[in-house]
Amino acid sequence: MRNKFTNVIENKNEIKSKIINLSATLNLPKGTEAFISDVHGGYDRFSHIMRSGAGNISKKVSEVFSGKLMPVNQMKLSCLIYYPSEVLKETKNKITDADELEQWYMDSFNNLIEMLRYVANKYPKSLVQKAIQPDFWDITENLLMIDTNFKDKRLYYQGLLSSIERLNMADDFIIAISHAIQRLAIERIHIVGDIYDRGSHPDLVINYLINHWQNFDIQWGNHDILWMGSMAGSKLCMLNLIRICARYDNLELLNDAYDIDMTSMIKLARHSYRPLPNFDPKVDLTGISEENRITDNCVQQAATIMQFKLEGQAIKRRPEFEMNDRLFLDKLSQDKKSIKIDGKDYPIDNGCFQLVNPGNPYQISHPEQVVLIDLINQFIHSSKLNEHMWFMYDHGSMYLKHNGNLLFHGCVPTDEQGNFVKWKIDGRNYLGKDLSDYFQIILRDAMRHPTTGDCFNSDVLWYLWCGKDSPLFGKDKMTTFERYFIDDEELQKETLNPFYKLCKKEWFADRVKDEFGIGEEGHIIVGHTPDADEENLPIMSKGKIIQVNGGRPKMEHNGGFTLLYDSYGMQLLKLKPFISLSTSLKDLNDVILKRKIVENSIERKVVMDTDRGDKIKQQIADLSAELND
Ligand SMILES: O=P(O)(O)OC[C@H]1O[C@](O)(COP(=O)(O)O)[C@@H](O)[C@@H]1O
Ligand SMILES: [Mn+2]
């Protein structure tokens with residue numbers, strides 16, 4: 001008969017088993033973290049990187065199969081893991097002999113199970129189970145547990161595999177195992193800013209994260225702020241965003257992904273502007289229709305002029321932003337064909353100032369106002385945009401401290417001597433960490449209370465996009481006006497904040513680490529600046545600062561970098577340029593061009609040494625207290 005006493009014992013045993021499991025987890029090797037940045041809406045490339053475990057899968061394949069598979073076959077196995085459906089289709093087309101095909105299936109099963117066993121090693125069973133499609137868990141669990149060194153077990157294993165084939169589950173099983181390997185190859189993914197920008201599908205990047213990835217975080221970039229700011233009602237963020245969409249032939253994204261109807265804007269633009277060479281979309285023009293080219297061109301002009309008008313108003317409203325050098329429309333000559341800057345006249349190339357009233361150049365005309373009100377209301381009310389922007393907010397931050405490292409997109413604004421710059425606002429000075437915290441509070445407040453008025457929050461969000469002391473922008477000015485209209489390299493130049501030069505100095509890295517409370521062993525990981533190349537790897541101050549910029553889609557086929565941090569240390573990977581999905585499949589290309597060890601741990605790091613370890617230790621302490629109650 002059961003009594004109260006037996007229940008208490010059982011309960012205590014349950015608590016004890018939990019403690020035992022958690023304590024065992026503490027000793028597992030630390031999971032691999034991947035750092036990627038500057039996705040810029042390039043979904044195919046992003047998905048390519050994610051499928052390859054940010055470069056980690058081919059590394060693991062070579063760890064398991066060196067000496068067993070030729071490098072080219074290792075590469076084939078990696079590609080099968082990245083793109084199982086596509087490779088299966090291609091293989092079935094290529095191999096027509098039935099026995100040969102069966103052999104291919106058998107080899108693939110065996111190799112995939114071996115790989116899964118290897119990547120699953122670092123995780124408790126519950127996490128491995130989560131990574132596998134539920135209907136395949138039972139079979140997979142059996143296959144993972146079998147030690148094929150024993151003859152009986154080998155037969156059992158072979159029996160399982162041939163039943164999978166006989167029951168026509170082979171393809172689905174291969175796909176499920178490959179996806180599980182993709183997920184387990186990386187424990188946590190950090191996206192160090194700029195998911196949004198010129199690429200055509202930032203929305204798919206967000207959907208991918210929503211649907212596939214449990215463990216990730218985002219550090220916002222300046223482009224992300226444009227999108228979150230637009231949802232919060234900032235017309236300036238919205239105009240910059242629309243201008244960039246038109247510049248990269250991406251206006252359809254607004255309608256397709258976010259239900260924003262651009263008709264009013266397109267009508268105004270086509271009515272008031274004619275195509276000009278400096279506003280042609282920055283894409284391969286042979287790939288788009290003449291109609292779209294004209295629309296992109298005219299919308300870009302309409303958005304640019306409205307942007308300069310509203311910027312003028314904001315700059316005058318906020319003298320504390322110190323942006324008077326960004327006022328241009330009041331400096332145009334009477335015929336609008338030249339401009340006087342610092343006492344010198346410059347000719348204007350391809351001006352489009354027909355809606356600029358010389359008597360009041362920053363005034364928005366009535367038709368422009370109608371378009372602005374229509375659009376900003378749509379941005380505020382788009383339910384899909386709200387969903388994605390709150391997702392960005394909930395999983396993101398201005399900076400993150402994780403496992404002893406500091407992550408942010410841009411910089412900590414500094415002067416030439418390496419002193420953090422003070423930003424004076426609301427009668428207070430903010431600098432260093434406080435400055436970033438301040439911007440985060442403003443962003444949260446703005447998103448919680450969207451408003452279309454010219455309010456303080458909206459102005460600050462626009463400053464975060466392009467202001468000289470913005471930690472996300474990190475340059476002295478954004479020379480959009482000069483780059484469209486004035487053919488003068490000196491005027492067009494944007495100078496990086498001294499932070500970037502100082503990154504090479506160890507004392508400066510230590511200063512930033514101190515400011516954010518990062519310990520001796522920690523690293524600073526940043527995105528944003530696409531300057532680094534193969535020769536000039538972006539590892540600075542003896543590895544204390546690392547840049548992981550991923551290059552930009554539609555501009556240059558620059559592969560960019562990712563960083564991996566596993567139980568053995570840190571490795572920077574230079575990625576191969578991503579041309580297209582079909583090219584990657586055809587060439588059976590690895591993603592990695594070059595590996596560079598940033599740091600090797602003397603002792604292998606385990607879960608106990610991580611933030612997750614701290615949480616587990618707390619859980620153990622709580623359970624132990626319960627036990628003693
Ligand atoms: O390549 P484009 O379209 O001319 O854009 C250049 C603009 O983008 C910026 O580089 C900002 O974007 P990033 O954050 O991607 O660097 C500006 O500094 C610059 O004016
Ligand atoms: Mn950026």
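Residues numbered from 1 in each chain as written. Chains lettered and ligands numbered in written order. Predicted model: local features only at pLDDT ≥ 70, side-chain atom pairs only at ≥ 80, totals over all residues. Heavy atoms only, no water.

**Details of the coordination of the manganese ion (ligand 2)**
No. 1: Those protein atoms acting as donors to the manganese ion (ligand 2) are D194 (OD), N222 (OD1), H409 (NE2) and H528 (ND1), and they sit at 2.1 to 2.4 Å.
No. 2: Here the donor residues for the manganese ion (ligand 2) map to a single chain with the spacing D-x27-N-x186-H-x118-H. In this pair, D194 is assigned in the loop between β2 (188–191) and α11 (202–212) and H409 in the loop between β8 (405–408) and β9 (423–425), connecting sequence segments 215 residues apart. (Donors = N, O, S within 2.8 Å, 3.2 Å for Na, K, Ca; no water. Helix = DSSP H or I, 4+ residues; strand = E, 2+ residues; numbered from the N terminus.)

**Comments concerning the domain arrangement of the protein**
No. 1: The domain architecture assigned to the protein consists of domain 1 (1–28 + 606–629), domain 2 (29–192 + 548–605) and domain 3 (202–492).
No. 2: Averaged C-alpha coordinates put domain 1 and domain 2 at centres separated by 34 Å.
No. 3: Counting from both sides, the interface comprises eight residues of domain 1 and, opposite them, nine residues of domain 2.
No. 4: Taken over both partners, the interface formed by domain 1 and domain 2 buries close to 600 Å², and the fraction arising from carbon and sulfur atoms is 63%.
No. 5: For domain 1, the biggest contributors to the area lost against domain 2 are L28, V606 and R612; these three give 70% of the whole.
No. 6: Here domain 1 and domain 2 share one salt bridge between them. (Domains from an automatic or database assignment. Contact = heavy atoms within 4.5 Å. Buried area = accessible area lost by both parts, 1.4 Å probe. Salt bridge = Lys/Arg side-chain N within 4 Å of Asp/Glu carboxyl O.)

**A word on the side chain of N297**
No. 1: Here N297 is to be found in helix α16 (residues 290–317).
No. 2: In this structure the side chain of N297 is engaged in a polar contact, spanning 2.8 Å, whose partner is the backbone oxygen of L276.
No. 3: Those residues in contact with N297 that lie beyond four places of it in its chain are R274, P275, L276, F279 and D280. (Polar contact = N/O pair within 3.5 Å; in protein donor to acceptor, adjacent residues only side chain to side chain.)

**So, the site of ligand 1**
No. 1: R247, Y248, K475, R483 and E494 are the nearest of the 14 residues found near ligand 1.
No. 2: A distance of 3.3 Å separates an oxygen atom of ligand 1 from a polar side-chain atom of D194.
No. 3: At a separation of 2.6 Å, an oxygen atom of ligand 1 approaches a polar side-chain atom of E494.
No. 4: Coverage of ligand 1 by the protein amounts to 89% of the 470 Å² it exposes when considered alone. (Near = heavy atom within 4 Å. Areas by Shrake-Rupley, 256 points an atom, 1.4 Å probe, with all protein chains shown as cover.)

**Description of the packing of helix α4 (residues 71–82) against helix α6 (residues 98–120)**
No. 1: In contact at an axis separation of 11 Å, α4 and α6 are set at 80° when each is read in the N-to-C sense. With respect to their mutual orientation, α4 and α6 come out roughly perpendicular. Listed contacts from α6 to L77, L80 and I81 of α4 are W104, S108, N111, L112 and M115.
No. 2: Grouping the amino acids of the contact of α4 with α6 by side-chain chemistry returns six nonpolar, two polar and no charged. (Axes fitted to C-alpha atoms, helices over the stretch in contact; angles between N-to-C directions. Parallel < 35°, antiparallel > 145°, perpendicular 65-115°, else oblique. Nonpolar A, V, L, I, M, F, W, Y, C, P; charged D, E, K, R; others polar.)

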